Amino acid sequence: MTRWVSRNPIRGKLHRWLQASGSLSARLAATGERFTVQVLNQGRQSLTVDEAQALGTGARAGYAREVLLRVDGVPLVFARSVTRHVDSVGAWRSLRGLGSRPLADVLFNRAGMVRSPLTFARLAQTSRLQRHVQACWQAATGQHKVCAAFPARRSVFVWHGAALLVMEVFVADAINWSRQPKKTG
């Protein structure tokens, strides 16, 4: 099982990206000309024990959405969002109809949305989670990514009493993270 901690263990260029509050999609979009969301998998799936614990449930029937976040065609982040299956037809039913729109369109535009503090991890190369991320990445991009430990962050959003776990794994090469959002205004 991946160990999630409250203090960001990552240093260097990526530290600011992992630490940033607000919408990662908006932050990424501000670094280039074109931001896109590539849907990899979406639908009913079993929750892992770790996901069920993070959602505060014993339920194992879940609904997941896995995507790659791209800027100017370059894949940067693998994201996985999960909720209890029953909540995917209730409070989180909008998750089902997002298509290639970013989840941020839902998360950061609703009054009353509550977000837990970010937690951080380095996904061990031997972990089931990192192997899953690598397999999804390779299937979507044709690129085989090898890394001792992918940096990741996650938090739980609660809407009308229903929890949604959002995990973002920073897979792209570190050089990409020197890009900073353009100043606006």
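This structure is a prediction, so every number in the text was calculated from the model and none was measured.

### A word on the pattern of salt bridges
Then comes step 1: Going through the model one piece at a time under the given rule, you end up with six salt bridges.
Then comes step 2: Measuring nitrogen to oxygen at the nearest pair gives 2.9 Å for the salt bridge that ties R154 to D50. Of the two residues, R154 is situated in strand 6 (residues 149-159) and D50 in helix 3 (residues 49-55); the sequence distance between them amounts to 104 residues. Of the two residues, R154 and D50, neither departs from the other in class, the shared state being buried.

### Description of empty space enclosed by the protein
Over the atoms, a rolled probe matching the size of one water molecule traces out where space is still vacant.
Then comes step 1: One pass over the structure, following the stated rule, counts two cavities of 30 Å³ or more.
Then comes step 2: Its boundaries defined by the atoms lining it, the largest cavity holds a volume of some 220 Å³.
Then comes step 3: What lines the largest cavity is a set of 23 residues, and nearest its centre among them are S25, L103, A104, V166 and E168.
Then comes step 4: Mapped onto the lining of the largest cavity, the elements with two or more residues apiece are helix 2 (24-29), strand 2 (61-71), strand 3 (74-84), helix 5 (104-107), strand 6 and strand 7 (162-170).
Then comes step 5: Looking at the lining of the largest cavity, its residues break down into 12 nonpolar, five polar and six charged.

### A few points about the packing of aromatic side chains
Then comes step 1: Under the defined criterion, the tally for this structure stands at one aromatic pair.
Then comes step 2: The ring of W17 carries R27 above its face, with NZ or CZ at 4.4 Å from the centroid.

### Focus on helix 6 (residues 128-141)
Owing to its 3.6 residues per turn, the α-helix brings residues three or four apart onto one side.
Then comes step 1: Between the first and last C-alpha of helix 6 there are 20 Å, a value that for 14 residues agrees with the 20 Å anticipated at 1.5 Å per step.
Then comes step 2: Among the residues of helix 6, those classed as buried are L129, Q130, V133, Q134, C136 and W137. Down the axis of helix 6, the sector holding all buried residues measures 165°, keeping them to one side. Exposed side of helix 6, more than 90 degrees from the buried face: R128 and A139 are the residues found there.
Then comes step 3: Taken together, the buried residues of helix 6 touch strand 1 (35-46), strand 2, strand 3, strand 5 (119-124), strand 6 and strand 7.
Then comes step 4: Looking one or two places after helix 6, you find G142, whose phi comes out positive at around 80°.

### Let's talk about the pairing of strand 7
Successive residues of a regular strand alternate their side chains across the two faces of the sheet.
Then comes step 1: Among the nine residues in strand 7, nine count as buried, and that is most of the element.
Then comes step 2: Here strand 7 shows a buried face lined by A162, L164, V166, E168 and F170 and a second buried face lined by A163, L165, M167 and V169.
Then comes step 3: Here seven bridges tie strand 3 to strand 7, and the two strands are oriented antiparallel to one another. Opposite V82, over in strand 7, you have L165 as the bridge partner.
Then comes step 4: Of the pairings in the sheet, the one linking strand 6 to strand 7 comprises eight bridges and is antiparallel in character. Across the sheet, R153 pairs through a bridge with E168, a residue of strand 7.
Then comes step 5: Counting the residues between successive antiparallel strands, the hairpin from strand 6 to strand 7 contains two residues, one of them, H160, with a positive phi of roughly 50°.

### Here's the deal with the confidence of the model for the chain
Then comes step 1: Residues with a pLDDT of 70 or more make up 94% of the chain, whose mean pLDDT is 90.
Then comes step 2: Mean pLDDT across the elements of the chain bottoms out in helix 1 (residues 13-19) (88) and peaks in strand 7 (97).

### Re the layout of surface pockets
Then comes step 1: Space inside the largest pocket adds up to approximately 470 Å³.
Then comes step 2: Forming the walls of the largest pocket are 21 residues, and the residues nearest its centre are T48, D50, E51, R128 and L129.
Then comes step 3: Contributions of two or more residues to the lining of the largest pocket are made by strand 1, helix 3, strand 3, helix 6 and strand 7.

### So, the nonpolar core
Then comes step 1: Counting 19 residues, the largest nonpolar core has L28, L69, V77, F170 and W177 as the members making the most contacts within it.
Then comes step 2: Among the secondary structure elements, those contributing two or more residues to this core are helix 1, helix 2, strand 1, strand 2 and strand 3.
Then comes step 3: Contacts of F170, omitting those with residues within four sequence positions, involve L14, W17, L18, L24, L76, V77, F150, P151, R153 and W177.

Calculation criteria
- Residues numbered from 1 in each chain as written.
- Predicted model: local features only at pLDDT ≥ 70, side-chain atom pairs only at ≥ 80, totals over all residues.
- Heavy atoms only, no water.
- Salt bridge = Lys/Arg side-chain N within 4 Å of Asp/Glu carboxyl O.
- Helix = DSSP H or I, 4+ residues; strand = E, 2+ residues; numbered from the N terminus.
- Buried < 20%, exposed > 50% of the residue type's maximum accessible area, 1.4 Å probe, protein only.
- 1 Å grid on protein atoms, 1.4 Å probe; cavity = no way out; pocket = protein on both sides within 12 Å on 5 of 7 lines; lining within 4 Å.
- Points joined across faces, edges and corners; volume = space filled by probe spheres on them.
- Nonpolar A, V, L, I, M, F, W, Y, C, P; charged D, E, K, R; others polar.
- Phe/Tyr/Trp six-rings, centres within 6.5 Å; stacked < 30°, edge-to-face > 60°.
- Lys NZ or Arg CZ within 6 Å of the ring centre and 35° of its normal.
- Expected span 1.5 Å × (residues − 1).
- Arc of directions from axis to C-beta.
- Contact = heavy atoms within 4.5 Å.
- Pairing = 2+ DSSP bridges.
- pLDDT = per-residue confidence, 0-100.
- Core = buried A, V, L, I, M, F, W, Y, C linked by side-chain atoms within 4.5 Å.

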